[in-house]
Structures are given as C-alpha cells and as structure tokens.
Amino acid sequence: MKRTRSQVSPTMSPGADNEGFDVQAKVNGHTNGFDSEVENAVIVGGGPAGLMLGSNLARYGIKARIVDDRDDKTSTGRADGLQPKTIETFKQLRLADSLLRKGVKIYDICFWSSTVTKPLHRTRREIHYPSELDVKDPFILLVHQGMVEDIFIEDIKERGIEVTRSSPFQRYVATDDPDAPIEAICHDTKTGSSRSFKTKYLIGCDGAHSNVRKSIPGAQMVGESSNSKWGVLDGVIETDFPDLWSKVVIHSETEGTVLCIPRERNMTRLYIELDRNLQDSVPTEATQDYVMKKARAIMAPFSVEWTVVEWFSVYKVGQRVASTFSAENDRVFITGDAGHTHSPKAAQGMNTSMHDTFNLAWKLNLTIRGLATPDLLSTYQHERRKIAQDLINFDFEHAAAFADGDSKALADNFATNVGFISGVGVKYAANVLNYPEKAPRGALRAGELMPPAQVTRYIDANPVDVQLDIPMLGQFRVYFFVPNVHSAKPFLNAVCSHISSSNSILGRSTAAAAKSYAQLNLPPVEADNFIQPGRYTAASHLFTFATVTTMQKSTVEIADLPSLLQKSRWTFYMDDLKDQKAGKSCTEKWLGEIGQDEVAIVNIRPDGYVGSVGRFDGKGDGAAAAQWLDMYYGGFLKA
C-alpha cells in the first residue's frame, strides 16, 4: 500500500498533483520529471550537515544525491564557530588545513558590565578552554558557514558529486514494503515542475523549518520558545574598545547585552539583545540602524562604528527537540536544526548538526552495502536525540545567564558544561555499539572519544597523534596493545588467524566488504594520493588493525608480527612518547597499567568513539579474545 507524506511547499506550481503520486518509469527512465534510478540516499539540504553527510558517504564509496532549495551556497553570515571536537573531525577527514589557516582562533573570554552608578568595565577574564580539558586544539575556530560549505563542496565535486540546487523538497511517498524505494518529491523552481527521486534512504538536513520533518507522521518539535530576540551583525568595526579580538560578553544594566566575537577578514560579529517588548518574531522595528544604535548604547562610552556590514539578521531564541529523529523503519531521518533548535551563542548549532550526520554516515554506508543488521541504524536516534536533549538543557541555562548579564552564572555554567561545549565530552550510552568495560583502569570509556596521545610510527619514525593518524575511511579500528610482541606471539598468531578466517564474524564481514567495495565504489581522486587509503585497507575494507607496543624499536621488527598485522605496517606504533599534560604514555593514559604478559584490545568505531575494551592473558591461546571480538561485532554486523 502506498502512503503519501505530504508537505506542500508554497513554491509548488498551481495545478500540480499533490496527493498519491504514482511514479511510472518509461522510455529513457523519465516520466513527468521523475527519475527512475534508485539513489542510495537523497540528502535534503546543502548546508554543513548535508554536505558533511554527502562528503563522508562519498569517501566511503557511496554516491548520494544532495538537493537544496537555494540557488547557491552560503556566501555570508549564518553559523560561525568550530569547536575542538569538530576541528579534530576535520583533521581526521584531512580537510582542516584551509580552515585553520583562514579562521580566527579564540583562546579567551572576557566579561564587561555597567550599572546605573558604575561605567562599563571589565569584570573578569577567563581561559576559554582550561588546561584540565584534554583537547588537542583548545580554542574555538571562527569561520563563517560558507567557508565550511566550500570545503565540502570542493571535496564532493572532486568525487563527481554536485548539489542539485533550486529544488525545494515538498514531501515523500513511502509504502509498507520496507524494501521498496521512497519517493522524494521536489519542486524545480527554474522550470516550475515537480521532480522525484527514488531512494533507499531519505535524510532531512533542511533546517529548523524542515519539510522532511513536517512530512513524518506525528513528528513535532517539543520544548519552549522564549520571547528573547537578538540582532546579529557581521562587519568591520572601528572602536576604542580594548577587547575586540577576544570573545566578550558585555552587559549594561540599563541597555542590555552584547556578545562580541572576532571573525575572519578583520570582521567582528555582534549579537545584540533586543527589547523584550517587541512582539513579532522578527520585529519590523528591528532594522539594521536600530540594532547598531542598541549596540552603541550597550558599549558606551566606547565608540563603535562600522566601515563595512557584510550580514545582518534577527532571530528569536527557542530550545526545542523533535519527537523523533527517524521514521519508516529507519529509512527516513532528520538531522541538525531539523531535529533541534537553540540559541547560537555557545557555537553549538553547526557543530552538533555536522556530528549528527557524521554519526549517521558510516552507519548508512554499512547498511547500504548490506554489511549491517537493522540494529546499527537504530543507534542513530538512540545516540543523537539524547545529545540534542542535553544541548537544549544546557542552552536554556546558558541563554538565560547570558541575557541576564550574570557573568558569574555564565562562567559557572560554561565551566560545568565545558566538555560538552567543546564536543569532546559528548558521551553515548551503552548500546549494541558501546560495551562498557567492567573495571576500567585508564581514560578510555565505551561511548566516548579517544583522548589525545602521541606515539611514534614504526615505519618512518614520525611522532603522530594516535587518535588522528588513521584517516576516516568508514572502518573500525582494532588496536592491539602488546607490551612484548615476542612473548605474545602465539597469542597474536592465534587471534589473527581466527579473525582472518571464515570461522569469525570479522573474517566473513571482511570477505563481504571486499565484494561490496568491488561492486560499489567511487573511483579514486587526486586527494587520495596524499591520504594513501591503501595503507589502511590492506588487510580489510572494514577494519584497520593497529599494533601498539612499549618495546624499543631496536628490539622488534615488522616481520615479528602475524601476517594480518604485517599488512597494517603503517599502523604499527612504538609507545615511547609521554603526554605533555599528564606525563603518561599512550598505553598508561588510555588503559592504565598493563602487565608484561597482558594484551589489551580496543575497538574504535568509524566515527572515533570507543566501542569496547578487552584485556587478555598474552600467554594464553587467544580463544577468549577471538570469542570476545566475535561477540562485539556480531551484535551489529551481518555475517
């Protein structure tokens, strides 16, 4: 039975058939503007979330169609900040260099206030990310949304994908048959006609007013929308205010609050609180001149003049989360602002949105390839809706303290939530992917990120950040921490022999993945010459195996490793460097004490989160380790 999920766009042409589209493929594969080929995925929205998804799928070998209602990419304004975790993700994708070179790095935050009796003065200065937060890049990187989009657009263009623009999504049509494709129906604003794409999966990355969300039966935004309204100005400012190049919260008891943020190209962004008695969502009184005048009043007696204004907007604060992030038996998903809305003052929106799709991308890849059980895709809603709820709970308090100009409450709220704000403190609960260790000895926890640690790469003696060294290729990483390769050789041989064979989940999954990648894969691109993905897929398209040892390099050879680990020679590491903060080696920091006759195995998900940690007798026969690996991967891989 065919069912229509309808949300008619105001741009829909008069007389269009609005209900119960029945797509018939004819000669040349087209009828009434419909495309007969079934897409792997249709991504609605060409902003950072949609482009992150499309770029990741392309890197995994999956071509998706991206449709967007806009005629062109973002050129000015909108979101503006990348948090430490997002910077790490761009590094893992090998896409960070241009952004780091062009963006502005914020290391501190200042608070200023004035009262009826006391003029504007600095009340405190804080390090934005204190040293106790264990991050590689302890700063916010300020770049406007269009710069992020540019990075992804260039990446997907090289891989043969371009955004289908001027195509607002209207609705989808689904049937009760879970194997039948979904019809994603769009309006072509250039021709005035409707166009449909058949797809296995539909993902709404189409913002707060998402038509994909509105097309899902029963989906609604749950939460509160306050009467707080803010004007936003991006421009070049001439001022005698001394802290213009720090992040600054300025509060006037009589005039209101301003958030001041440095931007690229000598610009500054100001968020200016508007009068609460302005009733409309976007008050007609809130013109650019009105907002400028308000900013000058708050920042008096300092002078504030704009030589250039690049972008101006007004928005209303609200904290809401969608009642569901998935539908149609996990064939339709929403991400980003389509699933959660909040204030922009903690620089969370673009970051959280991209991590929604970063979480979803590798799960879609394995499912499209037929390598995963249905349990895998169901973890998307389980993991990301909880993060969205955590975000709006934090944002409610943060926005209230900001509007009140309470620097202590704001600083205290920030300090309490600094891990979450940075992104490195995001934690996923136990599920089929995240198996908590019963008695953890080190910093690694299932459902959390790998903390930074340095090791020396054996093959070329390069010191590397172990959490960043293996590029994101859609693979699980299996780390063997082996204090003594020689004494553990029988153990390693037995485990590696098992997981290479058809007797194991890993062996059968590797064989299935090899067949899938031979049939469904995008051609290599120039960027691959620098990443050299073959170094990490030599043993498997599904797993990258890595060995970490505390032995001295002079006492061990690649030839001492089992055949499986010899194939992974680029991920053989010497644990001979100490963490600058904690003074610990990678093994000590991640796992705590490991005996000389012990072997620890760490499973890392394709998105960099810890899946499970196991410890075994390195002098044993390896049977327990082999069984443990099969148990973990058997929970979500088809084999």
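Treat the numbers as computed from the prediction; the structure is a model and nothing was measured. In this convention, every chain numbers its residues from 1, walking through the sequence in written order. Confidence filtering applies because this is a predicted model: local features only for residues at pLDDT of at least 70, side-chain atom pairs given and counted only at 80 or more, and all residues used for totals across whole chains, interfaces and linings. Computation of side-chain values covers all heavy atoms of the structure but excludes hydrogens and water.

**Some details on the overall build of the chain**
Right, so step 1: Secondary structure summary: the chain contains 17 helices and 27 strands in total.
Right, so step 2: Here the C-alpha radius of gyration of the chain, 26 Å, is about what a compact globule of 639 residues would show, namely 26 Å.
Right, so step 3: We call a residue buried when its accessible area falls under 20% of the maximum for its residue type, exposed when it is over 50%, and partly exposed in between, using a 1.4 Å probe and counting protein chains only. Every one of the 639 residues in the chain was classed for burial, and the buried ones make up 61%.
Right, so step 4: Partitioning the intrachain contacts of the chain with sequence separation of at least 6 by distance along the chain shows that 74% fall at a separation of at least 24. Numbered from the N terminus, helices here are DSSP runs of H or I no shorter than four residues, and strands are runs of E no shorter than two. Restricting the calculation to C-alpha atoms gives the radius of gyration, and the globule rule supplies 2.2 Å times the number of residues raised to the power 0.38. Every residue pair with non-hydrogen atoms within 4.5 Å of one another is taken to be in contact.

**What to know about the UniProt feature "domain: Phenol hydroxylase-like C-terminal dimerisation" (unreviewed entry) in the chain**
Right, so step 1: UniProt positions are given in the numbering used here, feature names are shortened, and annotations may be inferred rather than shown by experiment. Under the present numbering, the feature "domain: Phenol hydroxylase-like C-terminal dimerisation" (unreviewed entry) in UniProt falls on residues 426–637.
Right, so step 2: Secondary structure content for residues 426–637 is 26% helix and 18% strand, while the C-alpha to C-alpha distance between its ends is 25 Å.

**Concerning the domain arrangement of the chain**
In many reports, interface size means the accessible area that the parts give up when they come together.
Right, so step 1: Domain segmentation is taken from an automatic or database assignment of domains. When cut into domains, the chain gives domain 1 (39–422) and domain 2 (448–635).
Right, so step 2: Taking only C-alpha atoms into account, the centre of domain 1 sits 35 Å from that of domain 2.
Right, so step 3: With 32 residues of domain 1 at the contact, the number on the domain 2 side is 34 residues.
Right, so step 4: Buried area is understood as the total, over both parts, of accessible area removed when two parts are fitted together, assessed with a 1.4 Å probe. Interface area for domain 1 against domain 2, summed over the two sides, is near 2900 Å², with a carbon-plus-sulfur share of 57%.
Right, so step 5: Any carboxyl oxygen of Asp or Glu that lies within 4 Å of a side-chain nitrogen of Lys or Arg is treated as forming a salt bridge with it. The tally of links from domain 1 across to domain 2 stands at three salt bridges.
Right, so step 6: A salt bridge links R605 to E383, with the shortest nitrogen-to-oxygen separation between them at 2.7 Å.
Right, so step 7: Counting only elements with at least two residues in the side of domain 1 that touches domain 2, the list comes to α1 (48–59), α2 (84–92), α7 (349–368) and α8 (374–404).
Right, so step 8: Sort the elements by how many residues they give to the side of domain 1 that touches domain 2 and α7 lands first, with seven residues.

**Considering the environment of Q381**
Right, so step 1: Its place among the elements puts Q381 in helix α8.
Right, so step 2: Overall, Q381 belongs to the partly exposed group, its relative accessible area being 24%.
Right, so step 3: Distance from Q381 to E253, taken between C-alpha atoms, is 42 Å for residues 128 residues apart in sequence.

**A short note on the pairing of strand β16 (residues 268–273)**
Right, so step 1: Counting buried residues in β16 gives six out of six residues, a clear majority hidden from the surface.
Right, so step 2: Where strand β15 (residues 256–262) hands over to β16, the hairpin turn is made up of five residues, of which R265 adopts a positive phi near 60 degrees. One requirement defines pairing of two strands: DSSP has to find at least two bridges between them.

**Concerning empty space enclosed by the protein**
Right, so step 1: Detection works on a 1 Å grid of protein atoms alone, calling trapped sets that fit a 1.4 Å probe cavities and calling open sets with protein on both sides within 12 Å along at least five of seven lines pockets, with lining residues defined by an atom within 4 Å of a point. Grid points are joined across faces, edges and corners, and a volume is the space filled by probe spheres set on the points. Taken as a whole, this structure holds six cavities of 30 Å³ or more when the rule is applied.
Right, so step 2: If you add up the space inside the largest cavity, you get close to 120 Å³.
Right, so step 3: Taken together, 15 residues line the largest cavity, and the ones lying closest to its centre are Q348, T352, H355, G423 and V426.
Right, so step 4: When residues of the lining of the largest cavity are traced back to their parent elements, those giving at least two are α2, α7, α8 and α10 (418–422).
Right, so step 5: Side-chain classes are defined by residue name, with Ala, Val, Leu, Ile, Met, Phe, Trp, Tyr, Cys and Pro counting as nonpolar, Asp, Glu, Lys and Arg as charged, and the others, Gly among them, as polar. Classifying every residue of the lining of the largest cavity gives five nonpolar, eight polar and two charged.
Right, so step 6: In this structure, the second largest cavity encloses a volume near 60 Å³.
Right, so step 7: With three residues, the single largest contributor to the lining of the second largest cavity is helix α9 (residues 407–416).

**Notes on the layout of surface pockets**
Right, so step 1: Looking at the second largest pocket, its volume works out to about 560 Å³.
Right, so step 2: For the second largest pocket, the lining is made up of 22 residues, of which L93, R94, L95, D97 and I531 are closest to its centre.
Right, so step 3: Only α3 (97–102), α4 (145–158), β22 (463–465), α11 (466–469) and α14 (528–531) provide two or more residues apiece to the lining of the second largest pocket.
Right, so step 4: Considering every element that reaches the lining of the second largest pocket, the biggest residue donor is α4, with four residues.
Right, so step 5: Formed jointly, the lining of the second largest pocket draws a minimum of three residues from each of two domains, domain 1 (39–422) and domain 2 (448–635).

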